[in-house]
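Coordinates in review
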2 protein chains.
Amino acid sequence: MTSVTREQLTTGERGPLEEIEQALMQISWLAQRQFMQLLDDERFRLTLPQFYTLLHLYQSAAECKMSDLAEATQQSAASLTGVVDRLAEKQLAERKRHPSDRRQVMVVVTPRGCELIAEIKQARREQMQAALSHLVDQDVDLLLQLLDRVLLGMARVLERGESGRWA
Amino acid sequence: MTSVTREQLTTGERGPLEEIEQALMQISWLAQRQFMQLLDDERFRLTLPQFYTLLHLYQSAAECKMSDLAEATQQSAASLTGVVDRLAEKQLAERKRHPSDRRQVMVVVTPRGCELIAEIKQARREQMQAALSHLVDQDVDLLLQLLDRVLLGMARVLERGESGRWA
DNA sequence: TCGAGATTATCAACAACATTAAGTATATCA
DNA sequence: TGATATACTTAATGTTGTTGATAATCTCGA
């Protein structure tokens, strides 16, 4: 547990934790912006919510309930309806009915959707490798371990945020 | 020497670089989603583009040209016009004329805007500390160094992307 | 000094999302 | 059966992103 000084509470602080926070947020913003432009390529023509929604379908083996998909991708149910509409129009995903509970709508990725995701991941890998090319193997392994732990922490915060709002 | 299977070459590969790429993109998406919800709090009522625009004004000491602001925040000039409109309505930023070149519009953050940014940074720090609380000091320093290098690499890719599109 | 061409920012029209509240269909259970 | 809960969609409004056109201003050569 890191100790917190009074200065950190009152003024601007400049502890390493805040620097990490700033670096992470800046990376997040830039990465999403870069990726948005990549997805806008005529080969793909996807938006960020469309991509992350399709990606979750691609990664989850079986079909996926709307409400689970909304929680996994951190979108509201109302937004997701429109996103899935557009994925279905493009024939990248399909809606099905749950056999026993007809209220539920199940979504699956189509073969065409799988292909597209694979192409996008390939393009993104090239883009990212350019950004990470100056890291040596040792750094890569270390960074990966640390990022996994950050991700774990963020997921945990999100879970807690479900019911009671943090902050 | 680790051997490379045929699967890694043809299908999804699973090298550490790709894992970093995936972890980074997932963190970016979640971080932006979390932060979007935080900014939606009644205390702030900002959107992500509004925040990052205001943040850049806050961090750059002097007033800022529209085109420079657009490049720094990675938004199109047309989008930025609307964003600055809304910041000005909320009295968080102001437009000025460049004295000698009257085509240019200079933007500055107001004292009210500075206060708001400070409050948001404080709230975000608390949120982020919850996510990073399980990292020990040593990890924090290491992670920071690595993130800085990632950021550097991404900025460099962005610069090159100005003229010729990557990927 | 005048006018052609650049530069800078804005506008207009449209699609995609986010949010909120209301609505519809289905399930559950007393 | 009827009340209530659940799962999803719809509708209304605001913000952002894209593209192409427009307006204002500057620069520079004739």
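Fair warning: this is a prediction, and the values are worked out from it, not measured in the lab.

1. Digging into the interface of chain B and chain A
Contacts between the two partners involve 66 residues from chain B and, on the opposite side, 69 residues from chain A. Of the roughly 7,300 Å² buried at the junction of chain B and chain A (both faces included), carbon and sulfur atoms supply 69%. The three residues of chain B that bury the most area against chain A are M25, W29 and M154 of chain B, which together make up 10% of that side's buried surface. Scanning the region where chain B abuts chain A turns up seven salt bridges. For R125 of chain B, the salt bridge is made with E18 of chain A, and the minimal N-O distance between the two is 3.6 Å. Our enumeration of links across chain B and chain A arrives at 17 residue pairs in polar contact (both at pLDDT 80 or more).

2. Examining the sheet that holds strand β2 (residues 93-97) of chain A
All names here are of chain A. Taken in spatial order, the three strands make up an open sheet running β1-β3-β2, and their pairing is antiparallel. Edge strands, defined here as strands with exactly one partner in the open sheet, are β1 (64-65) and β2. Both β2 and strand β3 (residues 105-109) contribute to a ladder of five bridges, which runs antiparallel. Paired with A93 across the bridge in β3 is V109. The strands touched by helix α5 (residues 77-89) are β2 and β3; relative to β2, the strand with the most contacts, the crossing angle is about 115°.

3. Concerning the environment of S67 of chain A
Position of S67 of chain A relative to the elements: it lies in helix α4 (residues 66-73). A residue is classified by how much of its surface remains accessible, and S67 of chain A, at 43% relative accessible area, is partly exposed.

Thresholds, definitions, all that
- Residues numbered from 1 in each chain as written.
- Chains lettered and ligands numbered in written order.
- Predicted model: local features only at pLDDT ≥ 70, side-chain atom pairs only at ≥ 80, totals over all residues.
- Heavy atoms only, no water.
- Contact = heavy atoms within 4.5 Å.
- Buried area = accessible area lost by both parts, 1.4 Å probe.
- Salt bridge = Lys/Arg side-chain N within 4 Å of Asp/Glu carboxyl O.
- Polar contact = N/O pair within 3.5 Å; in protein donor to acceptor, adjacent residues only side chain to side chain.
- Pairing = 2+ DSSP bridges.
- Helix = DSSP H or I, 4+ residues; strand = E, 2+ residues; numbered from the N terminus.
- Axes fitted to C-alpha atoms, helices over the stretch in contact; angles between N-to-C directions.
- Buried < 20%, exposed > 50% of the residue type's maximum accessible area, 1.4 Å probe, protein only.

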